[in-house]
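Inside the fold
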Amino acid sequence: MTNKKRVHQQVSECSVNLSRYKSATQRKLTSSTIAWSIFFLLLATTSRLFAQNIVTIPVETAKNAMVLQTDKDGRLGIIYFGSRLANNKEYAAIPNQYNLKSDNLPTYNSAYTPAGTWNVIEPAVQITHADGNMSLDLKYVGSDTKKIDANVSLTSILLKDPLYATEITLLYKTYFKENVVEQWSVIKNVEKKPIRMQKYASANLYLMGNDFYLTHYNGTWGNEMKPEEDHLSHGIKSIDSKLGTRANLLEPSAFMVSFGKPATEDEGKVLLGQLAWSGNFKIDFEVDNYNNLRLIAGINPYASEYQLAAAQEFTTPAFIYTFSSNGKGEASRNLHHWATKYRLLDGEGSRLTLLNNWEATYFDFDENKLVDLFKGAKKLGVDMFLLDDGWFGNKYPRDADTAGLGDWQENVKKLPHGIGYLVKEATAAGIKFGIWVEPEMVNPKSELYEKHKDWVIRQPNRPEKYYRNQLVLDLVNPAVQNFVFGILDTLFTKNPTLAFIKWDCNAVIYNAYSAYLQKMGLPQSQLYVDYVKGLYKVLERLRAKYPTVPMMLCSGGGGRVDYGALQYFTEYWPSDNTDPVERIFIQWEYSYFYPAIASCNHITNWSKLPLKFRTDVAMMGKLGYDIVVDKLSEKDLQFSQQAVATYHSISDLVWHGDLYRLVNPNQNPLASLMFANAEKSRAVVFNYLTNTRFMPGATPQPIQLKGLDATKNYTVKEINLYPGTESSLQSTTVYSGNFLMTVGINPDVDLERASVLLEVNEVK
Ligand code: GLA
């Protein structure tokens, strides 16, 4: 069953439970009315009835809890967010400890703030009813928690407007062991005519505390994931995207919120979150008059009013978050454990090492040159060759990024014998073959554009504006969805052994306008949302037919990395910037949200830093090359061959081990991090000098390791040495885990030894 179907089934199972709950509540109400008339004067009974009106709903994981509670009017608020209490009966007593009630202030802690009635603060949901009325009030109807399996539960809470027939279900899917929550909402139009939604958030949290620090990220091409930490002051700070596609080009929805003081790697309360959505998003962080933090996360309401026909439902994307009281390291490991087990495609599997030809050839290649490169891949010992951009287009050959996009036929000049020949030759060379596509986009200089202008997102009456000389196809249109699916389906049908897809997406949406929505009489304001839904439909269909083939999520570097898309992809491309020092910082920040197995790291000639440094950095994820192997010196080739073999020997640790960050390069001239296996018997430690502007001398202090067993004994051996160099470390000394984690080990990093890889092995 696909993820989506599973979710639908869970949601409908919940609605069944909710209707059972509703009739039970009705029965209870009738009997309590009788009881009321009989025992009217009995104070004890009266207070008991009152107590029954208050419903407390804990949403718990192994370590954390968010607790919701109705007030005397049946409105649902959040009364607690943080570490789980030992006795969950005590949650009900929390509100008495807070003075959050004032007749002159809104109810800041609403679990899903409706607009237009009594709450005059930033709403989570804003609706115009069929009769034009813009008010919404939400009251609790019932709730249900269902165990999906031993680890996963789904709590659904039904809220209803007492006046208008609008139903909203809040859903909380908890991953107990991983301490991760997926939260979303379903809005149902129970009116007889269409309603319009101006805002429809996935989640509305309320975090109690006094000082909050927000870490968010900005970036551009080649400069992804630049962190900034702000102390949140009163008012609203938002992070958002209005780019449509390549939505994370300027900032992703991934963020961290520290409570009280900035969390460190191992200390402090911190929440890591993101919207699992590959389009426009908005997350509002509002410090209220009580100094608590309201958080509203969802699809960006900007230019996105959405119409719901009678009886139609809208399911928002999930807001995914984890909370830790022990710092960012633990929080990030929570996400890694969750993602590899439940979200990332084949997260617990293995990955293919590869040789890519993008930086090696750009558009300048033909089949002979490629077949020559295959030999290089084999020589290196990698699993696969990945053919990048430039293999298609005939009337408008794809010889530069100015033409040909959209015309997915092999260019007869470069590839006279087609892709089939390349696949055959790769197989003969003993490697697999993968290919680049950018199926959502079109160059105006293409046959596709000439034939299907109506498939292109463009304002018919305005001059076109291009991003990287291209435009975006209208994936709202089912004919375009079929076309995009067809590109991949044809490639796989013609070449059943095709082993890998790199799916790129280089442009943002300019001049948002869909000819299809116009034709269907639907509002243009649905374009941004229906585009992403169209994209997911195609990916869903693709995965139904090709469930396992690995696919890399790429968007002109890291312009689209999110857990909405990653359920269909095995990996992502963090940045086109492959300078290893830059990459240490970029990979470091991504690593808070995504496991290393998903991070594609390639060795290129972008930087002149030593090959060893570049290789070590690439090893902290999924290793790839983008070089001409024949141009390597003999020593470099020898080193690289050994490095690929070494990588194979440690990849299990990198892909499936626990990541511990040891020295943060944002605060030191060094970066150090390690991956340890669950048994704590083996680990690999990566150490780098990140500041080469001056000669700081060898690392003066040891680095304390983490994630080992204090009672076990280990040896520490330097690996991945460049031929002809010797390690300055003693590999036979036996250290206790206690020593390595308390005193630490000095990797002896200096200008000559700017990157040092250590393998830690238990000695029995
Ligand atoms: C984008 C990708 C690159 C490469 C080029 C090809 O920029 O990020 O890796 O595939 O497109 O045009």
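If you're wondering where the values come from, they're calculated on a predicted model, not measured in any experiment. (Residues numbered from 1 in each chain as written. Predicted model: local features only at pLDDT ≥ 70, side-chain atom pairs only at ≥ 80, totals over all residues. Heavy atoms only, no water.)

Looking now at the overall build of the protein. For the protein, the count of helices and strands is 14 helices and 35 strands. Dimensions of the protein, computed from C-alpha atoms along their principal axes, come out at roughly 95 × 70 × 40 Å. Excluding contacts between residues fewer than 6 apart, the proportion of contacts in the protein whose partners are at least 24 apart in sequence is 68%. In the structure as shown, the protein presents an accessible area of about 30000 Å², 52% of it carried by carbon and sulfur atoms. (Helix = DSSP H or I, 4+ residues; strand = E, 2+ residues; numbered from the N terminus. Contact = heavy atoms within 4.5 Å. Areas by Shrake-Rupley, 256 points an atom, 1.4 Å probe, with all protein chains shown as cover.)

Take the sheet that holds strand β31 (residues 670-676) next. Read from one edge to the other, the open sheet built from 6 strands follows the order β30-β31-β32-β35-β33-β34, with strand pairing classed as antiparallel. Each of the sheet's edge strands pairs with one partner strand only, and the pair in question is β30 (658-663) and β34 (734-736). Each strand axis lies, on average, 30° off the axis of its neighbour in the sheet, ignoring direction. Bridge count for strand β33 (residues 713-719) against β34 is 3 bridges, and the pairing is antiparallel. What sits directly across from asparagine 713, in β34, is serine 736. Across the sheet, helix α13 (residues 634-656) touches β30, β31, β32 (682-689), β33 and β35 (755-763), and the angle it forms with β32 is around 100°. (Pairing = 2+ DSSP bridges. Axes fitted to C-alpha atoms, helices over the stretch in contact; angles between N-to-C directions.)

Taken in spatial order, the 3 strands of this open sheet run β1-β2-β3, and their pairing is antiparallel. The sheet is open, and its two edges are formed by β1 (56-60) and β3 (76-83), each paired on a single side. Averaged over all pairs of adjacent strands, the angle between their axes in this sheet comes to 20°, without regard to strand direction. In the sheet, strand β2 (residues 64-70) pairs with β3 via 7 bridges, with the strands oriented antiparallel. The partner of alanine 65 across the bridge, within β3, is glycine 82.

If you check the domain split of the protein, you get domain 1 (3-50), domain 2 (56-343), domain 3 (354-440 + 480-508 + 521-657) and domain 4 (659-762). Each of domain 2 and domain 3 has a C-alpha centre, and the two are 35 Å apart. The partner domain 3 presents 42 residues to the 47 residues of domain 2 that form the contact. Surface buried jointly by domain 2 and domain 3 totals about 3700 Å² across both partners, of which 59% is contributed by carbon and sulfur atoms. Linking domain 2 with domain 3 are 0 salt bridges. Joining domain 2 to domain 3, the criterion identifies 24 residue pairs in polar contact (both at pLDDT 80 or more). Those elements that place two or more of their residues in the side of domain 2 that touches domain 3 are β11 (226-231), β13 (255-259), β14 (269-275), β17 (306-308) and α3 (327-343). Tallied by class, the residues present in the side of domain 2 that touches domain 3 amount to 24 nonpolar, 15 polar and 8 charged. (Domains from an automatic or database assignment. Buried area = accessible area lost by both parts, 1.4 Å probe. Salt bridge = Lys/Arg side-chain N within 4 Å of Asp/Glu carboxyl O. Polar contact = N/O pair within 3.5 Å; in protein donor to acceptor, adjacent residues only side chain to side chain. Nonpolar A, V, L, I, M, F, W, Y, C, P; charged D, E, K, R; others polar.)

For the rest of this paragraph, the subject is the nonpolar core. Leu387, Trp391, Phe433, Trp503 and Phe686 are the most contacted members of the largest nonpolar core, which has 218 residues in total. Ranked by residue count, the leading element in this core is helix α10 (residues 527-545), at 10 residues. Setting aside anything within four residues of it in sequence, one finds phenylalanine 686 in contact with Asp616, Met619, Met620, Ile650, Val654, Ala671, Ser672, Leu673, Phe675, Val756 and Leu757. (Core = buried A, V, L, I, M, F, W, Y, C linked by side-chain atoms within 4.5 Å. Buried < 20%, exposed > 50% of the residue type's maximum accessible area, 1.4 Å probe, protein only.)

What follows is about the site of the ligand. Among the 13 residues in the neighbourhood of the ligand, the closest are listed as Asp388, Asp389, Lys502, Asp504 and Asp576. Take aspartate 388: an N or O atom from its side chain is 2.7 Å from an oxygen atom of the ligand. With respect to the ligand, the side chain of arginine 468 contributes an N or O atom lying 2.9 Å from an oxygen atom. By residue class, the composition of the shell around the ligand is 4 nonpolar, 3 polar and 6 charged. (Near = heavy atom within 4 Å.)

Turning our attention to the packing of aromatic side chains. Enumeration over the complete set of coordinates arrives at 45 aromatic pairs. Seen in terms of ring centroids, tryptophan 358 and tyrosine 362 are 4.9 Å apart; in terms of plane orientation they differ by 80°. Their pairing is edge-to-face. A relative accessible area of 40% means that tyrosine 362 is categorised as partly exposed. Ring geometry for phenylalanine 392 and tryptophan 408: centres 4.3 Å apart, planes at 40°, overall tilted. Taken together, the residues span a long stretch of sequence, with phenylalanine 392 in the loop between β21 (384-387) and α6 (418-429) and tryptophan 408 in the loop between β21 and α6 at a distance of 16 residues. Aromatic ring contacts, followed pair by pair, group Tyr175, Tyr217, Trp338, Tyr342, Tyr563, Tyr572, Tyr590, Phe593 and Tyr594 into a single cluster. Above the face of the tyrosine 592 ring, lysine 328 is positioned so that its terminal group lies 5.9 Å from the ring centre. Sitting over the ring of tryptophan 573, arginine 583 keeps its end group 4.8 Å from the ring centre. (Phe/Tyr/Trp six-rings, centres within 6.5 Å; stacked < 30°, edge-to-face > 60°. Lys NZ or Arg CZ within 6 Å of the ring centre and 35° of its normal.)

Okay, the packing of helix α5 (residues 367-380) against α6 next. Packing of α5 against α6 leaves a shortest axis separation of 9 Å and a crossing angle of 25°. In this view, α5 runs roughly parallel relative to α6, as classed from their interaxial angle. Like other packed secondary-structure pairs, α5 and α6 cross with a definite hand, here right-handed. Touching Glu367, Leu370, Val371, Phe374 and Lys378 of α5 are Gly418, Tyr421, Leu422, Glu425, Ala426 and Ala429, all from α6. (Parallel < 35°, antiparallel > 145°, perpendicular 65-115°, else oblique. Left-handed = near helix turned anticlockwise from the far one by under 90°.)

Here asparagine 179, not a glycine, exhibits a phi torsion of approximately 60°, which is positive. Assessed through its relative accessible area of 5%, asparagine 179 is described here as buried. Positive phi values are uncommon outside glycine, yet alanine 303 reaches one of about 50°. Counting through the fold element by element, alanine 303 comes out in the loop between β16 (293-299) and β17. With relative accessibility at 42%, the residue alanine 303 sits in the partly exposed group.

As for its placement among the helices and strands, arginine 333 is situated in helix α3. Here arginine 333 is buried and forms no salt bridge, its nearest opposite-charge partner aspartate 266 lying at an N-O distance of 4.7 Å. Setting aside chain neighbours within four positions, we find arginine 333 in contact with Asp658, Leu659 and Tyr660. (Lys, Arg positive; Asp, Glu negative; His and termini not counted.)

Tallied over the full model, the rule gives 33 salt bridges. A salt bridge links aspartate 630 to lysine 379, with the nearest nitrogen and oxygen atoms 3.1 Å apart. Here aspartate 630 is found in the loop between β29 (622-625) and α13, whereas its partner lysine 379 is found in helix α5, with 251 residues between them in sequence. Assessed through its relative accessible area of 41%, lysine 379 is described here as partly exposed.

Within strand β15 (residues 281-287), 6 of the 7 residues are buried, leaving the element largely enclosed by the surrounding structure. Pairing geometry for strand β12 (residues 235-240) and β15, over 6 bridges, is antiparallel. From the neighbouring strand, isoleucine 239 faces β15, where its bridge partner is isoleucine 283. The pairing of β15 with β16 spans 7 bridges and is antiparallel. Paired with phenylalanine 285 across the two strands is leucine 295, which belongs to β16.

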